Each structure stands twice: as C-alpha cells, then as structure tokens.
Amino acid sequence: MTESVRPKILIITTNHSSYPGANAVGQARLAYDSNTYILRVPDPVMFPEEFYLNAFEKGIGGIIIMSSGSDCPYEGAYPRLSARIQNVYNKMKAKNMDINRLKLTTICTVCTESFLKEVANMEQVVSK
Amino acid sequence: MKNDNLKIAVYICHCGGNISDVIDVKRVSQELATYPNVVIGKEYAFMCSSTGQDMVIEDIVKSGINRVVIAACSPALHEATFRGALKRAGINQYLYEHVNIREQASWVHKKDKEGATLKAIALVKAAVEKMARQDELNTIKVPTTQRVAIIGGGIAGMRAAISSAAAGLDVVLIEKQSHLGGKLKRSSAIYPTNETAASVVETLEGLIELNAKIKVFCNAKISSISGFAGNFQINFEFDEAKTEKVEAGVIIIATGFDHYKPYEGEYAYGLSNRVVTLPVFIDIMGTSAEKKLIYDGKTINRIVFVHCVGSRQIDGIDNAQDNGKVNDYCSRVCCSSALFTINKLKDKYPDVDVMDIYSDMRSYGMEHETYYENASKKDILFLRRPLEERPTITPLPDGTFSVKTVDVLTWNEELELIADMIVLVTGMIPNEITDLLEYMKIPRSSDGFIQEVHPKLRPVESANKGIYIAGTALGPMDIIETLQASNTASSKAVALLSQPEIHMDPFVAVVEEDKCSGCGLCPQECSYEGALCMRETDVNGNVKMVASVNQALCVGCGACVAVCPTRAINVAGWTLDQFDAMVEAIAKG
Amino acid sequence: MTQITNNITDVLVIGSGIAGLQSALDIGDSGYNVTIIEKSPSTGGKMISLSKVFPTLDCASCITTPKMAAVLHHPKVKTMTYTEVKAIRKISDGFEVDVEKKPRYVIEEECISCKKCEEACPVYLDDEFEYGLGVKKAISIPFTNAIPQLPVLTESKCIRCGACAKACPKDCIDFLQEPVSMTIKAKAIIAATGYEIVPMGTKKEYSGDTLLNVISSLQSERLLAPHGPYGKVLRPSDGKIPDNIAYVQCASSRDKSIDVPYCSRVCCMYAIKQAMLLAGALPLAEITIYYMDIRAFGKGYEQFYAQARAMGICFVKAKVAKISEDTEHNPILRIDRQEDGSKPQDQTHDLVILSQGILPTRKDFFGLDVALNEYGFIQSAAPTLSPALTNIDGFFVCGVARGPKDIPDTIMEAGSAAMEAVNYIKGKM
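All values derive from a computational prediction rather than experimental measurement.

Chemist: Help me understand the overall build of chain A in this model?
Modeler: Across its full length, chain A holds 4 helices and 4 strands. Listed N to C, the secondary structure of chain A is β-α-β-α-β-α-β-α in terms of helices and strands. Expected size for 128 residues packed as a compact globule is a radius of gyration near 14 Å; at 14 Å, chain A falls within 12% of this value. For the C-alpha atoms alone, the extent of chain A along its principal axes is close to 40 × 40 × 20 Å. Taking the contacts inside chain A whose residues are at least 6 apart along the sequence as the reference set, 78% of them involve residues at least 24 apart. Total accessible area on chain A is roughly 4800 Å²; 49% of this is exposed by carbon and sulfur atoms.

Given below as structure tokens:
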C-alpha cells in the first residue's frame, strides 16, 4: 500500500514531552500511518502564525501540535501558544480552510493511546 | 559561515534489521547521495558501533565532511554518541543532525514498507536541509562571583551559610534583626530532641564565628538587588547609617515565617490575658513555677487548646486576612507542636485538665505519633470538630471561659466546656518581604509564601535562576525540614558556582542585528525578566535600537521568535529558516 | 566469577529512586565523581512507576525520565544498574564497597534495545513493574521508559529454547554470563535505599493477599497510569469497570498490632490524588475514602484536599475493622463510623484499595554498623545540626531511608545529603 499520494501530516512535538511520547508509541510497537512526519522543537510557541499557513500552502495536509500543556517547562509559553493558534484559526476561516486541519493538543511522555487517537483523527480530516 | 563549502555526509543505520527489515535503507542512502550538498550517502548495519563511529570520523578527516546526518534510532539513545564522534574528529559537535527512523518509522509502520521508506527519505532530506543552515554553536560561558549572599539569619540562613562556606564559597549573611537565630532564640524545648531552641542556634552560631569565610551583617535593610545568576549586586544599610554593596553569584532567601496573630475577638483573643497563642504559651511554660501553673494572677486548672487558628480556613466561614484571602493552607507543624507542648504541660502539672479541639490530628512525623499516644494516655480530652464547625469561646464574668464545640466522637453533640485558660494553636504566615520579592522579581504561591519553580522536583529553586530558597520562606516546616531545605539550597549554590564560569547549552535566542528593525515586539513576549530588551547598539557604524539577549537568562523557549517581523531573532540550532526548509523538504517528499 | 578491582569514586550512592538520582546530580554538578549502585535493572525507583503526582498532577514519568536521562548522560555520574551491594567496609580514607553485577544474559555494550528477543520469547511471567497486574516475557526490557533500555533474562523461568538468541540481530544473548564481583573505593556514601510498602497480607483482618478485588495503592497507581497494564481502570477479578470504589486509609500505618505505629505521611495525599484521577477516568463512579485523620500538611495539599471534596469524593471518618467478599468477589468492608455514632455496618464496594504504609527497604547496611531508629529507618545522628548525618563518618542518608516522606521532602533531603558528602570530601582534601 503506497501512501505517497495521501496528504501529509506534520506532527510538531516538544523535546520535553511529546517527542519522547512518540518514541513510547514505537517502543510499544503500536502502528499508525506513514504519512506522518514528526518535527521536534523546544516549544511550538516559537512558530509564527504564517508558519502554519505556509506549511499548508506547501502541501501539508494537516498539522498536529503536540504541546507539553501544563507540563510545559517554559513560563507563559502555553497560553501564548494557544492564543496564537486561535489567530491561525481565524486566518484559516478567512481563507475558507477547514480549521480541523490544525489541531493543538497535549501529549505526555507515556500518552501512547492519546497519540494514536490524535493521529487517527487527523487522518480522517486529511482524507476528506 | 553559512554554506560556502557545504559537505554533508548522510548515514542510514540498519539497526541490524530493526530499520532495514522495513525501510529500504539502500534506496534511502542512494537517493540522498545525489541530494544537493550531500557528498557521502552510506548505509551500515550498526552506526552506533565503534566501526560505525570510526567510519564517520574517517569521512570527516579524509573527505573534509563538515555536516553529518545520521538516520537511526531515537536521539535519546545516540545523539550524544555521534556528537562525541564529531568532537573526536575535530569539528563542532552541533553540526550534527539525528533522524529517528526507528521508534518513529520502522517500528510503527511495519506493514507499510514503501510508505516507511518514503517517509525516511523525506525526513533525512529535511535533516540535510536543516544542516545546510546550521552554524557552529558553542557552549555559553558566564563568569561568576564566587560568593553567596544569604538573606535572613535564622537557622535556615545560618545552616546555608555554614554549608556554602565549607564548600569554599565566600558568604555574606544579611540579617535584619540585631542578632542571629530568628524565632529560635528562646529557651523553650523543641521536638524531637528535647533540647532548648537556643542551643540549636548556639551550635550553629559557634560554627559561623569560627568560619572566616562568613561575614555577618546585622540590623540590615536591603535597598536594592540587581543582576542575574552568577552576578548579583545587593545594596543594603546596616548598623544604622553604614552602607554596603555586595557582589554575589547566588542569593539564598532564608527570610523565614511569622506567627499568625489572631484578630481581636477571634476565639476571644484580646478579650482576656488568658487567651494566648501557642508560641506565647510555650514561653509561659518555660518560665512558670513548679507544681502550680499560675498565670495572670490566677491558678490555672483547666486549659482548652484550639487547633487550626489561622490555618485551614474556609471561605465564607472564616474572615479574610489583610490580603483579602483566607489562609486555606495547613501550617504543618502546629499539631505536633501542640501535642509536644501538652505532654510537657502534663509532665510539669499533672493536675491541670487539658481539652484539645481539633479537626484532623496531623502528627505526621516519625516520633509525632507517640506524642499523640502519650497525650491520650494522660487523659487529655480530645474533641474532634467537623471541618466546617468552629468553637465559640466566651469569657464569663468569673474570669473563666465558656467553650462550645461540636464533637463528632460523641454523636455531633454540642458540648460546653469551662476553662480558665485558652491556648490558640496558631499557624505560620509568610514574613513581610514584599520589597525583597519585588527587587528579585520572584512570585508568591497562592498561600503567600515564596513560589518555587516546580513544587515537586525543584522545591528550593525560585523562578529566577541563581536565587534559591531555604526554610520556612517556602512554607511551613519544622526545624529538621528547615535544615534539610537549607542544605539543599546551598547544594544548588555550590553546584552553580562549582566552576569560575557557568556553562550553558547554546540553544538560546540570538539576534541578527542588521536584520532587526528595532520594533520592540519581542521583549513583550519574553516571560523571563531581563532576558531580552531593546538596546541602543552600534551596528556596522549605524547606531540604532536593536533587540539584545542576555544569554545567561534566556531559556530558549522561542516565544520571541514568533513575533519578529523580519526573522532577526531565532533560537540557535532551531531557526525558523531551518524549520521552513524542513517542512518544504517533507512536503516535496 | 570475575573479579574487577580498582574502581574509585568520590561518592557512592546506593539507590536510584528520586532520592538517589537527585543527590547524584547535585554532587556531579558540584564537580565530584559519583557512582550509583542500583539493584533493579532500571533507574527511577518507585517514582517512575507512579501515575501522576500530587498536588501538581504532573505525569510522574514526564518528570522522572528527564532526571534519569540527566544521570545517564552526566559526565560525572556512573550508574551501575542490576547491581547489588554485598559488603561495605569502613577504611581509613573512606569505604570499600563490594558489589555484584547480576547477569542480564545480554552483552550490554552490544545491545541496541530493539526488543526482538522479547518479541521472540514464548515465556510469559508476572510483571513486577506492574505489581503482578500484567505479564512480561522471560526476556524483556523492564518497562517502556526504563533507563538503560536493556533487556533482562529471567534465568529461572527461561526454557532455553534459544528463540531470543536467534532473533537478536547483534548476537548478544549470552546464556553463560555470570555475576561480576568488584570492589569500589568511595570517599563517602549516601544511602538512598528508599522503601517497600507493607506486604498486602500483613493486616490479617483485611485479607489483602487473598481477596481478588482488594489491591494495593501501588497497584492502583499502575491501573491509573496512561501506560498501565490494561490501559484503563479495570478490576482484577473479572475485568469489570468498577463503579463503586473505596480507599482504606492507614491500612497498615498508625497500627501497633502490625508494628507500624508511625504515620506513613504520603497515603492521605496519594489516595486523594488517585481518587481524583479515578473520578476523571470514571466520571460516574462513586469513590469513598475511609480515614482517621486526613493529613494534608504539605505545600498546596490542603487546597488539593478541598478540591477533592468539591469534586464529590466522599470522605468518611471511619475505621475499617475487617474486609471480606461476596460471591461475586465484591469486597465487603465492616466499617465503624466515627461521625454519627451508628453501629458497625457492612459496605460493599466493587474495588477496594488499601493505602499501604511504608517500610524501610533495608534494615542492615552490608556489615556497616549504621544506627537505625526503632522502626528500622536510618537514624539521624544530629537532627538539629544536619539531619543527613548518621553515626558513621562519611555515611549520609536521604529520602525515605530516613523515614517516610513525599517527593518534595525527599528532594530537599537529597540535596542536603549531597551537600554534606561534598563538604565531607572537601574537608578531607
């Protein structure tokens, strides 16, 4: 089964929580689709609103931001991030884009089930 | 030095089948070998083996490779291994990118070999694009002053001073009162050792006097604190008109607590001399005559202790404090302290009747349960009130008190007791240190005590790096706990100042000054006081306002990066240009 | 048995739970060499097996693994896992410590942590990391986030089928591996040996060792962990999702009849935390906590307790006299309420958690005459000068080895022991 034609999903993970969480999914030998590309960052708060819009323009189908949420080691980062994502949603709406293509969620180092659920949900969105 | 002569080597690890059984590693390496800027594309069974590492080193040395990408397992396992290999080959260790195609590809896409291979190709290309935009990075070094300034000369501050000095640091101990020892400078006995509080202070004082590295300033008032980890400046006045300026690498706050003072009328406090707080009662007991307890001209025969005065308060039941909030926290030490005192009281005056009104008996310490048990054996009448009920205490014309309380142990009946003395078991409140906290930009927890950076794993560290907290400035604790917290604070100080320079990871914000428009948006995003500001700077002969990062204070979160309209500010090693190029590579596949 | 000598370190830390990890990091950060000896195959101690921690509700793994990783990568810290201390001798300039590295039957330097051996192994056994609630293979990596990620072969259960050896891509299964003994010279030692919970059958009236749906507090931590044995909260007897759950506080603390007269200090808070997590996982479940005194004395704990009451968790002041079960294995508690003076009554629940108390892991220190208190915890020699000091010069203590305590209190002792060890060594130089 070749997945190359399927829209790609970008998964933005944090060094602190969700990147190790994605590793835990692998260590448990759980499976998800291969059209998923994991980027790790200190914190997704660093991305400007245009980063997401540009990624969609470049052909990325969906983006899941797996933040550290309340476990975030950086002061004030999570509230800033979620406010920024609201702005991205507004811009997406203005462009008539499906806002479900961008999802902000929280994944911890052992949240394997939630990881799979988020990926499966985004697969649904991008396959539409 | 961006890319004038990029020579990138790419290696794909088989991981002995773990990767190569799913991903066509040959195809990945071949496709990458012809990718722009890549001069070597190889695959090998075990990149982490010494043969694998030697191969990388040899390619760097012989072929002049200046960037390396390895696709293998999780970076948690071997990123450090390969950075070490780059170091050994003589190039900057940060010119390395690790791609995880095991935990995040071959292990999760077992049934989709083609998809996994295409994913690996895209991810490795993305890493190559990142490396094409990677500069050398160097550990940040901040010179430090090898001195600790300790604010507060109670046992917490004294303990921290002794430990820090023993580790070789100069210590300045700043105390607002005329003497060291704080609240323990008293003659009464303490639990669990039964020695006098003053003897604890004397022992520590003796060690301080002997130590030439510790300089004590009493009667001191701090007027300003500035600087950052490794380099703080503290200005203070002492002994009336003298002033002093101290440079210190670390500050330890050991400002202690205050006793809760009931308001007039709170459980009859202030309405009679014979309504006293527990600390006052302990002092009375310390000096009272043998055989008969005489206080306020009256022989005391029946005493009622009331727990949780000023602690565990509930909104809507108790009055708010000056800060507009109730003290909803538990003061931790009062139950054990009351039980210890009651035992002392009964030992000294067996005929005095004692009644104790409590809600939960929190004698948590190893020995504390025996105080409770011993008190029970001495015919103390324990009356347990429901959490929301408060006893009412009324002074009677004959000088005694009527105490009405509900007791859950006897079917929630309201009982009336008559007593001739009332002891209010008062808790701890934060000391008034608003000025100090403002100088240091340190927040309080909701209970008013100093907020630690993480209550679970970093309990003595403040939000401001290089400032640690010792003892009851953090919250209620007993003597042993105070000494432990205090020693831990000095341990942090010693670790931070163990080298003449603090070494830090290079992943902090950096500004390309020629790109900076001086708009001033980024400092507003920064949550770390002093880490980022606008500063007039000479940029190639052109003096203008540009963003300026204090690398010692920046944590590298990147909150500033998102708002820069010209991309002048980035987190080193994680720049937006790198991420854009990576996304582009992934999108193209 | 191979003998290796000439191992020298500044400080030897016994135990790599949060106390040992933190003291090792503090010493290493101060520029001294540390060797950690850990008897289990992974670092992390009890803390790594917890679900979330009170009162922050941080995921325990998420805050423990960074410490474990920091120790692994620290240039000054060497960790020897699956290694037991056999003897400690005080010598003129410190200590000689005999240790024995147990065989994993895996060549550690070669292993690439791929778990192919584990996948191939046909033998299942009880998983002690899950406190018996789950199973593992006879050769397996101890748990998902274990550090190091090295498998251990349980030799006594291995059927010698050779499947693991065949599956291993690095040919690093070694059935002939033997224990390795060595002697380490250390200038100072920190005991961070931690605790065990009181065994479930200790209080006979509670039959905690025989009733299927009466589990320990550590077992319920695993049930609640996101990577727990079942991935959800189920009761052991029949896999039913429980909807009426009870906690029995002081199930083996403050109880002279079982020689644990002291308060274990953490049980009130972990029960409240677990109850809150259960309420989140099973919104319709009724959760009752039977208690004597709620001891929420730490920073932010009373507020956490208030939050639990507001969430509808039912707190009942009652002593539990006895636990039995009905034909469906529903535990029946004989409770003696303290609040309304009513007679003892029976309450049936479908899952009961015993808030087990804390015992010291060790009551002997490998031939060293370490003074213990009457309950077997290490005695502070100078509690009002520096509580980390013991009766033996150069031998320090932190964490639960000195008495029950929670994580923040443990961290505050770990740094203290590290400080004393560093200054002890410095004083000798």
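Chemist: Is there a simple way to think about the pattern of salt bridges in this case?
Modeler: A side chain with one charge may pair with a side chain of the opposite charge, provided their charged atoms come close. Within the structure shown, the criterion is met by 73 salt bridges over all chains. When the shortest N-O distance is used, the salt bridge between E118 of chain A and K103 of chain A registers 2.9 Å. One end of the pair, E118 of chain A, is in helix α4 (residues 112–127); the other, K103 of chain A, is in strand β4 (residues 102–106), and 15 residues separate them in sequence. Residue E118 of chain A is classed as buried on the basis of its relative accessible area of 10%. For the salt bridge of K62 of chain B with E58 of chain B, the shortest nitrogen-to-oxygen distance reads 3.7 Å.

Chemist: Please explain the domain arrangement of chain C as it appears in this structure.
Modeler: All names here are of chain C. Taken domain by domain, chain C comprises domain 1 (2–99 + 179–194 + 361–428), domain 2 (103–177) and domain 3 (199–358). If you average the C-alpha positions of domain 1 and of domain 3, the two centres end up 32 Å apart. In this assembly, 17 residues from domain 1 lie in contact with 20 residues from domain 3. Both faces considered, domain 1 and domain 3 share a buried interface measuring about 1700 Å² in area, 72% of it formed by carbon and sulfur atoms. Summed over the three residues of domain 1 that lose the most area to domain 3, namely S51, F54 and P404, the buried surface amounts to 34% of that side. Viewed at the interface, domain 3 and domain 1 are joined by 1 salt bridge. For the interface between domain 1 and domain 3, the tally reads 6 residue pairs in polar contact (both at pLDDT 80 or more). Listing elements by their share of the side of domain 1 that touches domain 3, those giving two or more residues are β3 (52–53) and α8 (407–428). When grouped by side-chain class, the residues that make up the side of domain 1 that touches domain 3 number 10 nonpolar, 2 polar and 5 charged.

Chemist: Would you take a moment to explain the sheet that holds strand β22 (residues 413–419) of chain B for this structure?
Modeler: The pairing of strands in a sheet happens through backbone hydrogen bonds and is either parallel or antiparallel. Residues and elements named next belong to chain B. The 3 strands lie next to each other as β20-β21-β22, forming an open sheet whose pairing is antiparallel. Both edges of this open sheet fall to β20 (392–395) and β22, since each of them pairs with a single strand only. Direction aside, neighbouring strands of the sheet carry axes that sit 20° apart on average. The sheet contact formed by strand β21 (residues 401–407) and β22 spans 7 bridges and is antiparallel. Within the sheet, the bridge partner assigned to V406 lies in β22 and is E414.

Chemist: What is the right way to look at the packing of helix α1 (residues 25–33) of chain B against helix α5 (residues 113–131) of chain B in this model?
Modeler: All names here are of chain B. Where α1 meets α5, the axes come as close as 10 Å, and the angle between the chain directions of the two elements is 35°. As α1 runs across α5, the sense of the crossing is right-handed. Here R27, V28, E31 and L32 of α1 lie close against α5, whose contacting residues are E114, T117, L118, A120, I121, V124, K125 and V128. Here the contact of α1 with α5 is built from residues that sort into 7 nonpolar, 1 polar and 4 charged.

Chemist: Would you explain the interface of chain A and chain B in this entry?
Modeler: One widely used convention gives an interface's size as the accessible area the parts lose upon coming together. Taken residue by residue, the interface counts 41 residues in chain A and 45 residues in chain B. Summing both sides of the interface, chain A and chain B together bury roughly 3600 Å²; the carbon and sulfur share of this comes to 58%. For chain A, the biggest contributors to the area lost against chain B are R40, M46 and K58 of chain A; these three give 18% of the whole. Linking chain A with chain B are 4 salt bridges, by the criterion used here. Here R84 of chain A makes a salt bridge to E525 of chain B, at a shortest N to O gap of 3.5 Å. At the boundary of chain A and chain B, one finds 17 residue pairs in polar contact (both at pLDDT 80 or more). Contributions of two or more residues to the side of chain A that touches chain B are made by β1 (8–14), α1 (18–27), β2 (36–41), α2 (49–58) and α3 (77–94) of chain A. Looking at the side of chain A that touches chain B residue by residue, the classes come out as 22 nonpolar, 9 polar and 10 charged.

Chemist: Just to check I follow, could you spell out a negative patch on the surface for this structure?
Modeler: On the surface, a cluster of negative charge is made up of E388, E389, E414 and E416 of chain B. A residue is classified by how much of its surface remains accessible, and E416 of chain B, at 48% relative accessible area, is partly exposed.

Chemist: Sorry if this is basic, but what is going on with the environment of I107 of chain C here?
Modeler: Residue and element names in this part refer to chain C. Assignment of secondary structure puts I107 in the loop between β7 (94–101) and α3 (116–120). Judged by relative accessible area, I107 falls into the partly exposed class, the value being 27%. Sequence-wise, I107 and P151 are 44 residues apart; in three dimensions their C-alpha atoms are separated by 9.9 Å. What I107 contacts, discounting residues up to four positions off in sequence, is D171, C172, D174 and Q177.

Chemist: What should I look at first to understand unusual backbone geometry in this one?
Modeler: Outside of glycine, negative phi angles account for most residues, and trans bonds account for most peptide bonds. All names here are of chain C. Cis rather than trans, the peptide bond between F54 and P55 has omega equal to -10°. Inspection of the secondary structure puts P55 in the loop between β3 and β4 (58–59). For the bond running from I147 to P148, omega is 0°, close enough to zero to count as cis. With respect to the helices, strands and loops of the structure, P148 is situated in the loop between β10 (139–140) and β11 (152–153).

Chemist: Honestly, the sheet that holds strand β4 (residues 96–100) of chain B in this entry has me stumped. Any pointers?
Modeler: Residue and element names in this part refer to chain B. If you walk across this open sheet you meet the 4 strands as β2-β1-β3-β4, and the pairing is parallel. The open sheet terminates on both sides in strands that have one partner only, identified here as β2 (38–44) and β4. Averaged over all neighbouring strand pairs, the angle between strand axes comes to 15°, with direction disregarded. In this structure, strand β3 (residues 67–72) lies alongside β4, joined through 5 bridges in parallel fashion. Within β4, the residue paired with A72 across the bridge is N100. Packed onto the sheet, helix α2 (residues 50–63) meets β1 (8–13), β2 and β3 and runs at close to 165° relative to β2.

Chemist: Is there a simple way to think about the interface of chain B and chain C in this case?
Modeler: With 79 residues of chain B at the contact, the number on the chain C side is 70 residues. Between chain B and chain C the total buried area reaches about 5800 Å² when both faces are included, carbon and sulfur atoms providing 53% of it. Contact with chain C buries surface across chain B, with M366, K456 and L457 of chain B losing the most and accounting together for 15% of the total. Where chain B meets chain C, there are 13 salt bridges. The closest approach of N and O atoms between E481 of chain B and R265 of chain C, which form a salt bridge, is 3.6 Å. Those elements giving two or more residues to the side of chain B that touches chain C turn out to be α3 (75–89), α6 (155–166), α7 (197–210), α10 (368–377) and α12 (479–496) of chain B. Broken down by element, the residue count for the side of chain B that touches chain C peaks at 13 residues, all from α12 of chain B.

Chemist: Quick question: what am I supposed to make of the packing of aromatic side chains here?
Modeler: For any pair of aromatic rings, the description consists of the separation of the ring centres together with the inter-plane angle of the planes. Applying the stated criterion to the full structure yields 30 aromatic pairs over all chains. Each ring, one from F47 of chain A and one from F579 of chain B, has its centre 5.0 Å from the other, and the planes form 85°; the classification is edge-to-face. Placement of F47 of chain A in the loop between β2 and α2 and of F579 of chain B in helix α14 (residues 576–588) is noted, with the two residues assigned to different chains. Between W574 of chain B and F579 of chain B the ring centres are 6.4 Å apart and the planes differ by 15°, which places this aromatic pair in the stacked class. A relative accessible area of 10% places W574 of chain B in the buried class. Take F579 of chain B: its relative accessible area is 2%, and that puts it in the buried class. Chaining the aromatic ring pairs together yields one cluster made of F47, F51 and Y52 of chain A together with Y94, F507, W574 and F579 of chain B. Taking NZ or CZ as reference, K456 of chain B lies 3.9 Å from the ring centre of F54 of chain C, over its face. The aromatic ring of Y206 of chain C is capped on one face by K203 of chain C, whose charged end is 5.7 Å from the ring centroid.

Chemist: What is the right way to read the pairing of β2 of chain B from this model?
Modeler: Within a regular strand, side chains alternate between the sheet's two faces. Here 6 bridges tie β1 of chain B to β2 of chain B, and the two strands are oriented parallel to one another. Of the residues in β2 of chain B, the one forming a bridge with C13 of chain B is Y44 of chain B.

What counts, and at which threshold
- The written sequence of each chain sets the order in which its residues are numbered from 1.
- Naming scheme: in the order in which they are written, chains are lettered from A and ligands are numbered from 1.
- Reporting of local features is limited, given that this is a predicted model, to residues whose pLDDT is at least 70; pairs of side-chain atoms are given and counted only at 80 or more, and all residues count toward the totals for whole chains, interfaces and linings.
- Water and hydrogen atoms were dropped before computing side-chain values, which therefore reflect all heavy atoms in the structure.
- Segments assigned H or I by DSSP are reported as helices when at least four residues long, segments assigned E as strands when at least two residues long, and all are numbered from the N terminus.
- Here the radius of gyration uses the C-alpha set of atoms, whereas the globule reference equals 2.2 Å times the residue count to the power 0.38.
- Throughout, a residue-residue contact means that at least one pair of heavy atoms, one from each residue, lies within 4.5 Å.
- Residue-level accessible areas treat just the shown protein chains as cover; the underlying method is Shrake-Rupley with a 1.4 Å probe.
- By definition, a salt bridge exists where a carboxyl oxygen of Asp or Glu is found within 4 Å of a side-chain nitrogen of Lys or Arg.
- With a 1.4 Å probe rolled over the protein chains alone, any residue whose accessible area is under 20% of its type maximum counts as buried; one over 50% counts as exposed, and the rest are partly exposed.
- Domain delimitation in this document rests on an assignment produced automatically or drawn from a domain database.
- Joining two parts hides part of their accessible area as seen by a 1.4 Å probe, and the buried area is that hidden amount summed over both.
- Here a polar contact is taken to be a pair of N or O atoms separated by no more than 3.5 Å, where protein atoms must pair a possible hydrogen donor with a possible acceptor and residues adjacent in sequence count only if both atoms sit in side chains.
- When residue character is reported, Ala, Val, Leu, Ile, Met, Phe, Trp, Tyr, Cys and Pro are called nonpolar, Asp, Glu, Lys and Arg charged, and the others, Gly included, polar.
- Note on pairing: DSSP must find at least two bridges between two strands before they are called paired.
- Every axis corresponds to a line fitted to the C-alpha atoms, with the helix fit spanning only the stretch in contact, and the corresponding angles, defined between N-to-C directions, vary from 0 to 180 degrees.
- Crossing handedness is defined as follows: a turn of the near helix away from the far one that is anticlockwise and smaller than a right angle gives a left-handed crossing, while the clockwise case is right-handed.
- Each patch is built from residues that are more than 30% exposed by relative accessible area and take part in no salt bridge. Like charges join if they lie within 9 Å; nonpolar side chains (Val, Leu, Ile, Met, Phe, Trp, Tyr) join within 5 Å.
- In this tally, Asp and Glu contribute negative charge and Lys and Arg positive charge; neither His nor the terminal groups of the chain are included.
- Just so you know, the charge point we use is NZ for Lys, CZ for Arg, CG for Asp and CD for Glu.
- Any pair of Phe, Tyr and Trp rings, taking the six-membered ring for Trp, is counted once the centres come within 6.5 Å. Such a pair is stacked with planes under 30 degrees apart, edge-to-face with planes over 60 apart, and tilted for the rest.
- By definition, being over a ring means that NZ of Lys or CZ of Arg is both within 6 Å of the ring centre and within 35 degrees of the ring normal.

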